[in-house]
Amino acid sequence: MKPELKFTDVISQQEKTQKRKNDLSSFEYTYRAEITSAYQLTDMETLYRLQIINPDERRRFTFIPGQFLMLEVPGIGEAPFSISSSPSIHGEVELCIRKAGNLTNYLSKIGRGAVVGIRGPFGTGFPMEEMHGQNILLIAGGLGLAPLRAPIAYVQENRSHFKEVNIIYGTKSPAHLLFTYQYDLWSKDDINLNIIVEKADPSWKGSVGMLTETLLKILTGRDDAFYSNTYAIVCGPPVMFKFVCSMLNKFHIPMQKMFVSLERRMHCGMGKCCRCNVGSTYTCLKGPVFDYWTVMNLKEAI
Amino acid sequence: MIFRVFEKKELKNFFEVLTVHNRIVGPVEAGRDKKNNPIYSFTEVSDFNNIKLDYTTTKLPAKRYFLPFHEDLSTFRIDNGDWQKTIDYNANQPLIFFGLHPCDINALNKLDKVLLHSVYPMPYYAAKRKNMFIIGIDCVPQPFCFCRSMGSDTALHGFDMFITDLGAKFFVEILTDTAYNFLKNIKKEEPREKDHVLYMKAVSERNKKFTTKVDTTDLAKILDMEFQSEVWKQWGDKCLACGTCSNACPTCYCYGVEETVDIDLKGARKTKMLHSCNLIDFAEVAGGHNFRAERHSRLKYRYYHKHRGFVEAFEESLCVGCGRCGESCLSGIKVPEVIASVRGGKVK
Ligand SMILES: Cc1cc2nc3c(=O)[nH]c(=O)nc-3n(C[C@H](O)[C@H](O)[C@H](O)COP(=O)(O)OP(=O)(O)OC[C@H]3O[C@@H](n4cnc5c(N)ncnc54)[C@H](O)[C@@H]3O)c2cc1C
Ligand code: SF4
Ligand code: SF4
Ligand code: FES
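None of the values given here were measured: they were computed from a predicted structure.

Calculation notes
- Residues numbered from 1 in each chain as written.
- Chains lettered and ligands numbered in written order.
- Predicted model: local features only at pLDDT ≥ 70, side-chain atom pairs only at ≥ 80, totals over all residues.
- Heavy atoms only, no water.
- Helix = DSSP H or I, 4+ residues; strand = E, 2+ residues; numbered from the N terminus.
- Rg over C-alpha atoms; globule rule 2.2 N^0.38 Å.
- Buried < 20%, exposed > 50% of the residue type's maximum accessible area, 1.4 Å probe, protein only.
- Contact = heavy atoms within 4.5 Å.
- Core = buried A, V, L, I, M, F, W, Y, C linked by side-chain atoms within 4.5 Å.
- Near = heavy atom within 4 Å.
- 1 Å grid on protein atoms, 1.4 Å probe; cavity = no way out; pocket = protein on both sides within 12 Å on 5 of 7 lines; lining within 4 Å.
- Sits in = over half its atoms within 2 Å of the grid points.
- Nonpolar A, V, L, I, M, F, W, Y, C, P; charged D, E, K, R; others polar.
- Buried area = accessible area lost by both parts, 1.4 Å probe.
- Salt bridge = Lys/Arg side-chain N within 4 Å of Asp/Glu carboxyl O.
- Polar contact = N/O pair within 3.5 Å; in protein donor to acceptor, adjacent residues only side chain to side chain.
- Areas by Shrake-Rupley, 256 points an atom, 1.4 Å probe, with all protein chains shown as cover.
- Pairing = 2+ DSSP bridges.
- Axes fitted to C-alpha atoms, helices over the stretch in contact; angles between N-to-C directions.
- Domains from an automatic or database assignment.
- Points joined across faces, edges and corners; volume = space filled by probe spheres on them.

Side note on the overall build of chain A
Logical step 1: When its secondary structure is counted, chain A shows 10 helices and 15 strands.
Logical step 2: Rg of the C-alpha trace for chain A: 21 Å, near the compact-globule value of 19 Å for 302 residues, within the 12% margin.
Logical step 3: Principal axes of the C-alpha set define a box for chain A whose edges measure 85 × 40 × 35 Å.
Logical step 4: When burial is assessed residue by residue, chain A has 56% of its 302 residues classed as buried.
Logical step 5: In chain A, once contacts between residues fewer than 6 apart in sequence are set aside, the share between residues at least 24 apart is 68%.

Overview of the nonpolar core
Logical step 1: If you look at the biggest cluster of nonpolar residues, it comprises 57 residues, and the most contacted ones within it are Phe66, Phe97, Tyr125 and Tyr253 of chain B.
Logical step 2: Residue assignment for this core shows that the elements contributing at least two residues are strand E3 (68-73) of chain A together with strand E3 (38-44), strand E6 (95-100), helix H2 (102-115), helix H3 (123-129), strand E7 (132-137), strand E10 (255-261) and helix H9 (295-314) of chain B.
Logical step 3: Residue contributions to this core peak at five residues, all from H2 of chain B.
Logical step 4: Contact partners of tyrosine 253 of chain B, with chain neighbours within four places excluded, come to Lys272, Cys274 and Tyr282 of chain A together with Leu67, Leu111, Val114, Leu115, Leu274, His305 and Leu318 of chain B.

Some remarks on the site of ligand 2
All names here are of chain B.
Logical step 1: The environment of ligand 2 is made up of Cys239, Leu240, Ala241, Cys242, Gly243, Thr244, Cys245, Asn278, Leu299, Cys329 and Ile333.
Logical step 2: Mapping ligand 2 onto the cavity grids shows that it belongs to the largest cavity.
Logical step 3: Considering only residue class, the shell around ligand 2 consists of eight nonpolar, three polar and no charged.

Comments concerning the interface of chain A and chain B
Logical step 1: Facing the 54 residues of chain A at the interface are 63 residues of chain B.
Logical step 2: Here chain A and chain B share an interface that buries about 5,000 Å² over both sides, 60% of which is from carbon and sulfur atoms.
Logical step 3: Linking chain A with chain B are six salt bridges.
Logical step 4: Close ionic contact of glutamate 28 of chain A with lysine 85 of chain B constitutes a salt bridge, the shortest N to O distance being 2.9 Å.
Logical step 5: If you look at where chain A meets chain B, you find 27 residue pairs in polar contact (both at pLDDT 80 or more).
Logical step 6: Going through the elements one at a time, helix H1 (10-13), E3, strand E4 (77-82) and strand E6 (115-122) of chain A are the ones with two or more residues in the side of chain A that touches chain B.
Logical step 7: It is E6 of chain A that contributes the most residues to the side of chain A that touches chain B, six residues altogether.
Logical step 8: A breakdown of the residues in the side of chain A that touches chain B according to their chemical character gives 24 nonpolar, 13 polar and 17 charged.

Observations concerning helix H11 (residues 335-344) of chain B
Given 3.6 residues to a turn, an α-helix orients residues that are three or four positions apart in the same direction.
All names here are of chain B.
Logical step 1: Of all the residues in H11, the buried ones are Val335, Pro336, Val338, Ile339, Ser341 and Val342.
Logical step 2: Buried positions along H11 lie against helix H6 (219-225), helix H7 (230-238), H9 and helix H10 (324-328).
Logical step 3: Within two residues after H11, glycine 345 carries a phi angle of roughly 80 degrees, on the positive side.

Comments concerning the site of ligand 1
Logical step 1: The full set close to ligand 1 counts 21 residues, and Pro80, Arg98, Asn102, Thr104 and Met266 of chain A are the nearest of them.
Logical step 2: One chain alone does not account for the residues near ligand 1; they come from chains A and B.
Logical step 3: One of the backbone N or O atoms of asparagine 102 of chain A is found 2.7 Å from an oxygen atom in ligand 1.
Logical step 4: At a separation of 2.4 Å, a nitrogen atom of ligand 1 approaches a polar backbone atom of methionine 266 of chain A.
Logical step 5: Burial of ligand 1 by the surrounding chains reaches 87%, relative to a free accessible area of 870 Å².
Logical step 6: Contributing elements (two or more residues each) for the shell around ligand 1: E4, strand E5 (92-98) and helix H3 (102-109) of chain A.
Logical step 7: Among the elements that take part in the shell around ligand 1, E4 of chain A stands out by supplying four residues, more than any other.
Logical step 8: Here the shell around ligand 1 is built from residues that sort into 12 nonpolar, four polar and five charged.

Considering the sheet that holds E3 of chain B
Residue and element names in this part refer to chain B.
Logical step 1: Strand order in this open sheet of seven strands is E1-E9-E8-E7-E6-E2-E3, and the pairing throughout is mixed. Unpaired on one side and paired on the other, strand E1 (2-7) and E3 mark the two borders of the sheet. Pairs of neighbouring strands in the sheet enclose a mean axial angle of 25 degrees, with direction left out of account.
Logical step 2: Where E1 lies against strand E9 (residues 169-174), six bridges are found, and the strand directions are antiparallel. Across the sheet, residue isoleucine 2 finds its bridge partner in E9, namely isoleucine 174.
Logical step 3: The strands that H2 touches are E3, E6, E7 and strand E8 (161-165); relative to E7, the one it contacts most, it runs at about 145 degrees.
Logical step 4: The sheet strands contacting helix H5 (residues 193-208) are E1, E8 and E9, and the helix crosses E9 at an angle near 90 degrees.

With respect to the domain arrangement of chain B
By a frequent convention, interface size equals the accessible area lost on bringing the separate parts together.
All names here are of chain B.
Logical step 1: Split into domains, chain B comes out as domain 1 (2-67 + 92-208) and domain 2 (219-252 + 283-344).
Logical step 2: Placing a centre on the C-alpha atoms of domain 1 and another on those of domain 2 gives a separation of 28 Å.
Logical step 3: With 22 residues of domain 1 at the interface, the matching set in domain 2 holds 22 residues.
Logical step 4: Taken over both partners, the interface formed by domain 1 and domain 2 buries close to 1,900 Å², and the fraction arising from carbon and sulfur atoms is 63%.
Logical step 5: Here domain 1 is connected to domain 2 by three salt bridges.
Logical step 6: Two residues, glutamate 316 and lysine 110, come together in a salt bridge whose shortest N-O distance is 2.9 Å.

Description of empty space enclosed by the protein
Take a probe with the size of a water molecule and roll it over the atoms, and the empty space left behind shows itself.
Residues and elements named next belong to chain B.
Logical step 1: If you walk through the whole model with that rule in mind, you get six cavities of 30 Å³ or more.
Logical step 2: Its boundaries defined by the atoms lining it, the largest cavity holds a volume of some 150 Å³.
Logical step 3: In terms of lining residues, the largest cavity is bounded by 16 residues, among which Cys245, Asn278, Leu299, Cys329 and Ile333 are the most central.
Logical step 4: At the level of secondary structure, the elements contributing two or more residues to the lining of the largest cavity comprise helix H8 (244-248) and H9.
Logical step 5: Considering every element that reaches the lining of the largest cavity, the biggest residue donor is H9, with three residues.

Some points on the side chain of histidine 305 of chain B
Logical step 1: If you trace the backbone, histidine 305 of chain B turns up in helix H9.
Logical step 2: Judged by relative accessible area, which is 7%, histidine 305 of chain B ranks as buried.

Written as structure tokens, this is what we have:
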């Protein structure tokens, strides 16, 4: 026998019935997606609607609220973004993106019709079905409303499965408010909308102050049945959910019923680059959605 | 398992048979340091005389052959606003590794766990790893090695054949049929009782030479308890945040990804670059917040990943105890001393 090594083609050798999570060739594969609309929400944030171009891939693409995807613009960059739309729509997602650097600034300049790449969905989501029959507190600070929009859509579409639903949304000023055009619809679906801004402007008639003040009002004076049958989803900057979750905890809402979404640097979304590690936990695999009990047990989480 | 012995000169013949059809990487002397000690490095070799099988340890691991420091994950053709993505796993030929020490073989086995045998296996690594033929060789333990404490002083799998020096002969352990077939090209024989005795003597001689020890008893738990320990701050004050330790480490695989447009504006590429958790921007996010802004928190994280996180996930540490990081650190930060200080509550 000639002592020559044969080249092994790892891609063709793997079994054909692989799932995406085990398939070598889906590691770097991106769906081509078209930006079908780009709608400016504020000075800093734009809502992008993306449609996967290939009809087959479009049909297969599903996600659960809370998951994120990686959006890539060739030559510019790739970054993680929470999916901010209804999970019942296949192959079409909305992303609410704030200008923060290279990729996000570039995106703000390209408009409708541009083709980008997406990978995903990645990570864990909010266990919406587990929450059926319960009250829900949907709590967002600032850009946190973006990831919260997916569970909100789910709640709207399955409104009969939930008891009392409250959105508590705090932001810097009225000019920073996101998705203002949807507030009426949310109210019509019997979702209580509690908005509070840190600094009012002359036209503002609502509450002024910190988000926790509003939350305190909602939580005070309820019966035990309310506290023990309530789930909370909290999205926002790290300082915020520390305050919010300890307040919820004071009212004896179980820590396993509070869910937060952690933000970390991410370069792969697949547990390989290690950039998202909190202590030794991969935020991209075990998160970004964690229950608060888990967060409390993570080193350096908040 | 199949064992054989062969005359020392047969190894050269073996190399020469292999080099006709294959690319071979092995340890060579790359230069001399200030004290006139040889500096070894893994390089592609075609002449057996250049291979130094009695090498101590290489400054850098063979990592660049399976986890290159820079690697294009994909390239793009950009045309009129539209683009086409081409993915290349950057492996097209098998490679023979001639003379890897047990620590470096164990490093590959550890990388396999996270890069091959977990969710989302990495094709760039798989394509290279599955095209390696590994000839392991026993080492002479150095004063800075603590592989014995990490359970990495012997390799049980992850190679094709492993040779041990018996003086006049080599003892070979054959693990794969590829190795068995290749070895048909040289003269060898079944080991006899006296070869077994020589082998056991060689093993016990080697065992005597391990001097540096690390106490790993309950280490994962102790690290958890000592998360706030003052010693981390003291090591952090010494650390230069240069990332050399990760560069020199056979098991560090963390990376970052960057995209660039080609100079002709007609193409673009997405490049993966190995990173180090000791570098300042490792955990910085949009808005400017840095989850590990201080040096000690980053240094600590490197130890937590290796000696706690990986242990939780795979029941073994991500450190093979090769000592390369300590040898290359300009501040002299060495794993055995760091771990002893965490256990003892103070830096000696
Ligand atoms: C799970 C998750 C969900 C997110 N959801 C949203 C969202 O819905 N809307 C939104 O606007 N933003 C979201 N982000 C933040 C978003 O990823 C960053 O704004 C984006 O990475 C900035 O990229 P850039 O190229 O514009 O910035 P760059 O020019 O690359 O850098 C600007 C800043 O962003 C940081 N950064 C760079 N790359 C990353 C990265 N891969 N991950 C995190 N930070 C990075 C850098 O440290 C730097 O401080 C999310 C992040 C995560 C982890
Ligand atoms: S431990 Fe040493 S090699 Fe590693 S970053 Fe700090 S100074 Fe550099
Ligand atoms: S951490 Fe240091 S001693 Fe451990 S494997 Fe890496 S380089 Fe070797
Ligand atoms: S994003 Fe790369 S490991 Fe989590």
